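A look at the structure
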Amino acid sequence: MAKQKTSFVCTDCGETNPTQLGKCPSCGAFGTMKAFREAPSDGSETAGIGAGVDLLNQPNAEPENGFVRIKTGIDDLDQVLGGGLVSGSVVLMGGAPGVGKSTLALQVAGRVAGAHYYSAEESAAQVKARAKRLGAGMPAQVVHTQSVADIAQTIAEHRPPLAVVDSIQLVGDDLTSFGSMKQLRLNAELLGQVARASGTCIICIGHVTKDGELAGPRVLEHLVDTVLTLTGDRTSELRLLRSPKNRFGSTLEVGVFTMNSSGLHPIENPAEHLLADRPEGATGSAITIIQEGNRSLPMEVQALTVKSHFGMPRRAATGLGLARLHVLLAVIEKFSPVGCGVHDVYVNVVGGLPITDRASDLAIVAAVLSSRLDMPVNANIALFGEIGLSGEVRSVQRASARIDEAQRLGFSSVFAPEASANVHCKSLRELVRKLFSKKG
Ligand SMILES: Nc1ncnc2c1ncn2[C@@H]1O[C@H](COP(=O)(O)OP(=O)(O)OP(=O)(O)O)[C@@H](O)[C@H]1O
Ligand SMILES: [Mg+2]
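Everything numeric here is computed off the predicted structure, so don't read it as measured data.

Description of the confidence of the model for the protein
Counting all residues, the mean pLDDT for the protein is 86, and 88% of those residues have values of 70 or more. With pLDDT under 50 throughout, residues 38-53 is counted as low confidence; its partners more than four residues away or in other chains account for 49 contacts.

What about the sheet that holds strand β23 (residues 413-416)?
Ordered in space as β18-β19-β17-β16-β20-β23-β24, the 7 strands form an open sheet in which the pairing is mixed. Among the strands making up the open sheet, the edge pair consists of β18 (315-318) and β24 (423-424). Set on the sheet, helix α11 (residues 399-408) makes contact with β16 (285-292), β17 (295-307), β20 (381-383) and β23; between it and β16 the angle comes to about 130°.

Overview of the site of ligand 1
Looking at ligand 1, the residues that line it are Gly 95, Pro 97, Gly 98, Val 99, Gly 100, Lys 101, Ser 102, Thr 103, Glu 121, Arg 133, Arg 234 and Ser 261. With 3 residues, helix α3 (residues 101-111) is the single largest residue contributor to the shell around ligand 1. Tallied by class, the residues present in the shell around ligand 1 amount to 2 nonpolar, 6 polar and 4 charged.

Describing the pairing of strand β9 (residues 141-144)
Bridging between strand β8 (residues 116-119) and β9 involves 4 bridges; their strand directions are parallel. Of the residues in β9, the one forming a bridge with Tyr 118 is Val 143. With helix α4 (residues 124-134) bridging β8 and its parallel neighbour β9, the resulting β-α-β unit is right-handed.

Some words on α11
Here α11 has its buried residues at Ala 399, Arg 402, Ile 403, Glu 405 and Ala 406. Projected down its long axis, α11 carries its buried residues within an arc of 165°, all on one side. Among the exposed residues of α11, those oriented more than 90 degrees off its buried face are Ser 400 and Arg 408. Buried residues along α11 sit in contact with β16, β17, β20 and β23.

Brief notes about the environment of Asp 78
Looking at where Asp 78 falls in the secondary structure, it is placed in helix α2 (residues 75-81). The exposure class of Asp 78 is buried, given the 22 C-beta atoms found within 10 Å. Each C-alpha atom, one on Asp 78 and one on Gly 255, is 9.1 Å from the other, the two residues being 177 residues apart in sequence. Setting aside chain neighbours within four positions, we find Asp 78 in contact with Lys 71, Thr 72, Gly 83 and Gly 84.

Quick notes on helix α12 (residues 428-435)
Taken together, the buried positions of α12 are Leu 428, Leu 431, Val 432 and Leu 435. Taken down its axis, α12 places every buried residue within 95° of arc, on the same side. For α12, the elements touching its buried residues are α9 (322-335), α10 (361-373), β21 (386-387), β22 (393-394) and β23.

The rules behind the values
- Residues numbered from 1 in each chain as written.
- Chains lettered and ligands numbered in written order.
- Predicted model: local features only at pLDDT ≥ 70, side-chain atom pairs only at ≥ 80, totals over all residues.
- pLDDT = per-residue confidence, 0-100.
- Contact = placed C-beta atoms within 7 Å.
- Pairing = 2+ DSSP bridges.
- Helix = DSSP H or I, 4+ residues; strand = E, 2+ residues; numbered from the N terminus.
- Axes fitted to C-alpha atoms, helices over the stretch in contact; angles between N-to-C directions.
- Near = placed C-beta within 6 Å.
- Nonpolar A, V, L, I, M, F, W, Y, C, P; charged D, E, K, R; others polar.
- Right-handed = clockwise from strand over helix to strand, strands pointing away.
- Buried ≥ 20, exposed ≤ 12 C-beta atoms within 10 Å, placed from the backbone.
- Arc of directions from axis to C-beta.

Okay, here's the thing in structure tokens:
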């Protein structure tokens, strides 16, 4: 077996050098080159990928084009990853506080034999207690540390098939402030190097900003192989897992999970959850079909309009952008026979998954008008289409997939601008006429 090498890494910029230098040859900083032991490798840059002897002994490991894939056994996660975790790669998993990042990472670490879990946020006892609650197995090592150099060194020495670092923002070294741009970059570079050298797949958990972007420099996303994002409302049980970047698979796969006390579990038929408890015959409710990656998902939009008692009517939106609601209300005001100028308008997307797909416009408008006119939208109707500023309904991507999904779910009338929809709807006026013709 090859001997372990010691190399020196600049804690400022991540530059590596085989000899200890007083000054970093890349950024010129003094006294920043720190020693760390590299995993044995046969010399080539990618030789470490999949080279770990233990990796192929994993029950779910399969060689694939020069690297090894480890199936986690959590189907939707494996699919989003492109078939499973890839040895020697770095996965950055981002999400809002409390959405379930540590939970999912711990479930994975519990299922991969020999995995390490490094927590900078919680004590080892806390992590172990959670692993017991989840019942998904205990990682081989659970360590509380905030030192990225220690983590890198332990991984290089032990070469576990999987290591989780929770979180990349809270690990660092003594020289740079934690969570700073510089530190984050350094962490990602160091962990990337050690992952490639040792063949370990490293999952780094990352915090997100208020806008849902991964906290830290954009370059962080370039430094990792795969970015996963976990979204969903903390108050609801649904979670979506997407992969905005994946060097080892498609970015169109989307996982849908429910979260309960035993962790995150893929849902086979998300529609059942998304459309559960829809009140029959209620006004202000409409169904749309949104597209998340290559998955079509039904969503219920609810709206409530009430006469305002103030000069300035209130508008509130949960699960969609307020700016979008304002635009849609302006279009209603101009192109519909009834407007909401003196009405408070509240819109809610049921299920806690925020909608950004413009195809939901038609259903949002239908829900608002349904409440305003006090006329329910028939339960067998689904609607999709983007609304333009001239009151026109515009075509959206993957219309046929949406129509198929609506029909599969039993919606016999699909309102959309496409000729293939069974209720062709090209403008807001046409929508009002076809949907609310009895009284409208
Ligand atoms: N005993 C429990 N039973 C059921 N659900 C729990 C329990 N304890 C915690 N949870 C759920 O787990 C969520 C926290 O999950 P987790 O710690 O994985 O999130 P996170 O994304 O890692 O959050 P953070 O960013 O704060 O680290 C809580 O919001 C709660 O919904
Ligand atoms: Mg956490």
